Amino acid sequence: MPSLEIDTDCRSEKNVFKTEAQTPVEDLGAPPLDDPTKAFPKHTRYSVIASCFVLQGLSCGLVHSWGVQQRYLASNVYADSPHKVKTLSYIGTLMFFSLYLWGMLAGWVAEVWSFRKLCFIGVIIMAVGQLTASFCNEPWQLCLTEGIVFGVGIGLVFSPTCTAPARWFTTHRGLATGITVAGVGVGGLVIAPLTDYLVREVGVKWSLRVAAIYIIVLGSIACFFVRVPFQDKTRTLKSFDWAAFNDRRFAIHSCMVFFVTAAYIIPYSFLPTFWAAHGISSQTSSVLIAVANVASSVGRIALGLGADHIGVLNSLVLSLGIAAIACLLIWPFATSVGVGVVMALVYGFSAGGCWTLAPLAAAKLFGIEKLSSNTGIFYTISAVGAWLGTPVTNALLNGPGHGTNFIGMSVYNGVLWVAAMSFAVVNRASYSRAVLDRV
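Residues numbered from 1 in each chain as written. Predicted model: local features only at pLDDT ≥ 70, side-chain atom pairs only at ≥ 80, totals over all residues. Heavy atoms only, no water.

Under the annotation held in an unreviewed UniProt entry, the protein chain carries the name Major facilitator superfamily (MFS) profile domain-containing protein and is attributed to Coemansia erecta. Word for word, the UniProt comment on the protein chain under Subcellular location (unreviewed entry) is "Membrane". Here the protein chain is described in UniProt, under the heading Sequence similarities (unreviewed entry), as follows: "Belongs to the major facilitator superfamily. Monocarboxylate porter (TC 2.A.1.13) family." (UniProt positions renumbered as here; feature names shortened; annotations may be inferred.)

Have a look at this one:
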């Protein structure tokens, strides 16, 4: 069994452990290695949840708020240049792609080096991306700064903060992870209106500069509290474990995350267009998307809590199935505000919960010790899925029907969710074929 060291970054000087070579950990009265969290005050685990919640909100909330800036630039700055407007449309996809692309690197470096230090580097890069974007005058420059530089920053923050809280809990691991990733929805609800206000009052450039300021201030404070109770110091940056790729269940879980990534963002991107085509105003559409974001935050917590009671693999299959039903059976009929609310609630709740359950399922399938690096691998593999989502859906929408082929779009989205559910069912069956078993 590899030796594990207690994370001493957060301990006071009086409680710093000596190195293993000087004094065995057991001689210092440390907790047994199977429960290293007992070496820390109880409030530590809750500060970790809060800090990761904030970092999730800052990173993904800014991704969601880009649409506000994009709409303003397309309507007021580049309205006479269609090719520049088209270039702007790539920035959101670049951010979404980068969010997952760097997952493998971020997860591995966090495990063998430091969760806290890596998150701080990510926060600095995020702020630099926003600040440099504020001095750009061309869309291709925004692609480099807002799309790529900022994207690298959120990629370094996202994977470690998704998985750090899970290391502090056993019986309530699902709830802890759910609260953490609920920061994505809350961040979108807070940052998007703030960005809209700043764009209207001071313009896009100053909205980016203000974002850089609150990223540095809030992000730095949050990073101070990010930590894990133990790290395997026998592992180094040169000793990446490739054995996971030989595991059949690992490949299946990777495919599941791949299809979830492809499917997840489609309704958020295209439901406003769908509703506009059926006479629903843009203001009402914005409210419905906000409802979906609230439902997403609730779903992330509720399905995480459900995983603690009925089993994480059961919860994962259930959430994927509900998301598929929402796209295949509810979306085509969501042509009124009433049914639109149902679509927003059902889809937001179920799809949001998947992001709580995916890392929890990885912990169950492959162990908690390598959760961050394994989850990072899944995200990196699934980065390609970002290009199967919005771009392919846009092609379907602008194909037969010339912007009105919404049935093909919703069916495509539903099929992606069904594919994800199928892979989750296979891994669930590897534990038990009995439907009522808690796995």
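Along the protein chain, the regular secondary structure elements total 15 helices and two strands. Buried residues in the protein chain amount to 55% of all 439 residues. Long-range contacts, defined here as pairs at least 24 residues apart, represent 85% of the contacts in the protein chain between residues at least 6 apart. Looking at the protein chain as shown, the accessible area adds up to about 18400 Å², and 67% of this sits on carbon and sulfur atoms. (Helix = DSSP H or I, 4+ residues; strand = E, 2+ residues; numbered from the N terminus. Buried < 20%, exposed > 50% of the residue type's maximum accessible area, 1.4 Å probe, protein only. Contact = heavy atoms within 4.5 Å. Areas by Shrake-Rupley, 256 points an atom, 1.4 Å probe, with all protein chains shown as cover.)

Any two aromatic rings considered together are summarised by their centre-to-centre distance and by the angle between their planes. In this structure the tally under the stated criterion is 15 aromatic pairs. Ring centres of Phe274 and Phe406 lie 5.2 Å apart, and the angle between their planes is 85 degrees; this geometry places the pair in the edge-to-face category. On the criterion of sequence distance, the pair formed by Phe274 in helix H9 (residues 248–277) and Phe406 in helix H15 (residues 406–431) is long-range, its members being 132 residues apart. The buried category is assigned to Phe406, whose relative accessible area is 7%. An aromatic cluster of three or more residues is present, and its members are Tyr100, Phe158, Tyr264, Tyr268, Tyr347, Trp355 and Trp417. Note that Arg116 overlies the ring of Phe224, its terminal NZ or CZ placed 5.3 Å from the centroid. Sitting over the face of the ring of Phe135, Arg209 holds its NZ or CZ atom 4.6 Å from the ring centroid. (Phe/Tyr/Trp six-rings, centres within 6.5 Å; stacked < 30°, edge-to-face > 60°. Lys NZ or Arg CZ within 6 Å of the ring centre and 35° of its normal.)

On to the side chain of His253. Relative to the helices and strands, His253 is located in helix H9. Apart from residues lying up to four places away in sequence, His253 is in contact with Ala358, Ala361, Ala362, Leu365, Phe366, Phe378 and Asn427.

Within the largest apolar cluster, 123 residues are counted, with the highest numbers of intra-cluster contacts made by Met256, Leu320, Trp331, Tyr347 and Trp417. Not counting residues up to four positions away in its chain, the partners in contact with Met256 are Leu316, Leu320, Ala358, Ala420, Phe423 and Ala424. (Core = buried A, V, L, I, M, F, W, Y, C linked by side-chain atoms within 4.5 Å.)

Below, the discussion takes up the environment of Ile368. Mapped onto the secondary structure, Ile368 falls in the loop between helix H12 (337–366) and helix H13 (371–382). You can call Ile368 buried: its relative accessible area is 15%. Measuring from C-alpha to C-alpha, the distance between Ile368 and Thr163 comes to 9.2 Å, with 205 residues separating the pair along the chain. Ile368 has contacts with Ala166, Arg167, Arg173 and Ala363, leaving out every residue within four places of it along the chain.

What follows deals with the packing of helix H1 (residues 43–77) against helix H5 (residues 139–163). Any two packed helices are characterised by how steeply their axes cross, that is the angle between the axes, and by the distance between the axes. At a closest axis distance of 8 Å, the pairing of H1 and H5 adopts a crossing angle of 155 degrees. When the axes of H1 and H5 are compared, the pair comes out roughly antiparallel. By crossing handedness, the relation of H1 to H5 is classed as left-handed. Taken together, the residues of H5 that come into contact with H1 (itself represented by Cys52, Leu55, Gln56, Ser59, Cys60, Leu62, Val63, Trp66, Gln69 and Leu73) are Leu142, Glu146, Phe150, Ile154, Val157, Phe158, Thr161 and Cys162. Of the residues contributing to the contact of H1 with H5, the split by class is 13 nonpolar, four polar and one charged. (Axes fitted to C-alpha atoms, helices over the stretch in contact; angles between N-to-C directions. Parallel < 35°, antiparallel > 145°, perpendicular 65-115°, else oblique. Left-handed = near helix turned anticlockwise from the far one by under 90°. Nonpolar A, V, L, I, M, F, W, Y, C, P; charged D, E, K, R; others polar.)

This part is about the environment of Leu371. For Leu371, the location among the structural elements is in helix H13. Between the C-alpha atoms of Leu371 and Ala166, which are 205 residues apart in sequence, the distance is 8.7 Å. Leaving out residues up to four positions away in the same chain, Leu371 has contacts with Glu111, Thr163, Ala166, Arg167, Pro359, Ala362 and Ala363.

Attention now goes to helix H4 (residues 115–133). In this model, H4 (19 residues) spans 27 Å end to end at C-alpha, consistent with the 27 Å of a helix rising 1.5 Å per residue. Those residues of H4 not exposed but buried are Phe115, Arg116, Leu118, Cys119, Gly122, Val123, Met126, Ala127, Gly129, Gln130 and Ala133. Between the side-chain oxygen of the N-cap and the backbone nitrogen of Arg116 there are 3.4 Å, and the N-cap of H4 in question is Ser114. (Expected span 1.5 Å × (residues − 1). Polar contact = N/O pair within 3.5 Å; in protein donor to acceptor, adjacent residues only side chain to side chain.)

An α-helix turns once every 3.6 residues. As a result, residues three or four positions apart point the same way. With 29 residues, helix H10 (residues 282–310) should cover 42 Å at 1.5 Å per step; its first-to-last C-alpha distance of 40 Å lies within 8% of that length. Of the residues trailing H10, Gly311 is marked for its positive phi of about 105 degrees.

Within the secondary structure, Asp308 sits in helix H10. Side-chain polar atoms of Asp308 contact the backbone nitrogen of Gly174, separated by 2.9 Å. For Asp308, the side chain forms a polar contact with the main-chain nitrogen of Leu175, separated by 3.1 Å. With residues near it in sequence (within four places) discarded, Asp308 still touches Thr171, His172, Arg173, Gly174, Leu175 and Arg438.

A separate point is the pattern of salt bridges. Under the criterion given, the structure shown has three salt bridges. Of the charged contacts, one joins Asp196 and Arg200 as a salt bridge, the two residues approaching to 3.2 Å between their closest N and O atoms. Note that Asp196 and Arg200 are positioned in helix H7 (residues 183–202) at a spacing of four residues, about one turn of the helix. Judged by its relative accessible area of 55%, Arg200 is exposed. (Salt bridge = Lys/Arg side-chain N within 4 Å of Asp/Glu carboxyl O.)

Evaluation of the coordinates by the stated rule reveals zero disulfides. This cysteine, Cys60, is not joined by any disulfide, and Cys162 carries the nearest cysteine sulfur, 7.3 Å off. In this structure Cys223 is not part of a disulfide, and its nearest cysteine sulfur, from Cys119, lies 5.3 Å away. The class of Cys223 is buried, set by a relative accessible area of 1%. (Disulfide = S-S within 2.5 Å.)

So, about the packing of H5 against H13. Following both chains from N to C, one finds H5 and H13 inclined at 130 degrees, their axes separated by 9 Å at the closest point. Accordingly, the angle class assigned to the pair H5 and H13 is oblique. Our pair here, H5 against H13, has a crossing hand that is right-handed. Here H5 contributes Phe158, Ser159, Pro160, Cys162 and Thr163 to the contact with H13, which in turn contributes Leu371, Ser372, Thr375, Gly376 and Tyr379. Taken together, the residues of the contact of H5 with H13 sort by class into five nonpolar, five polar and no charged.

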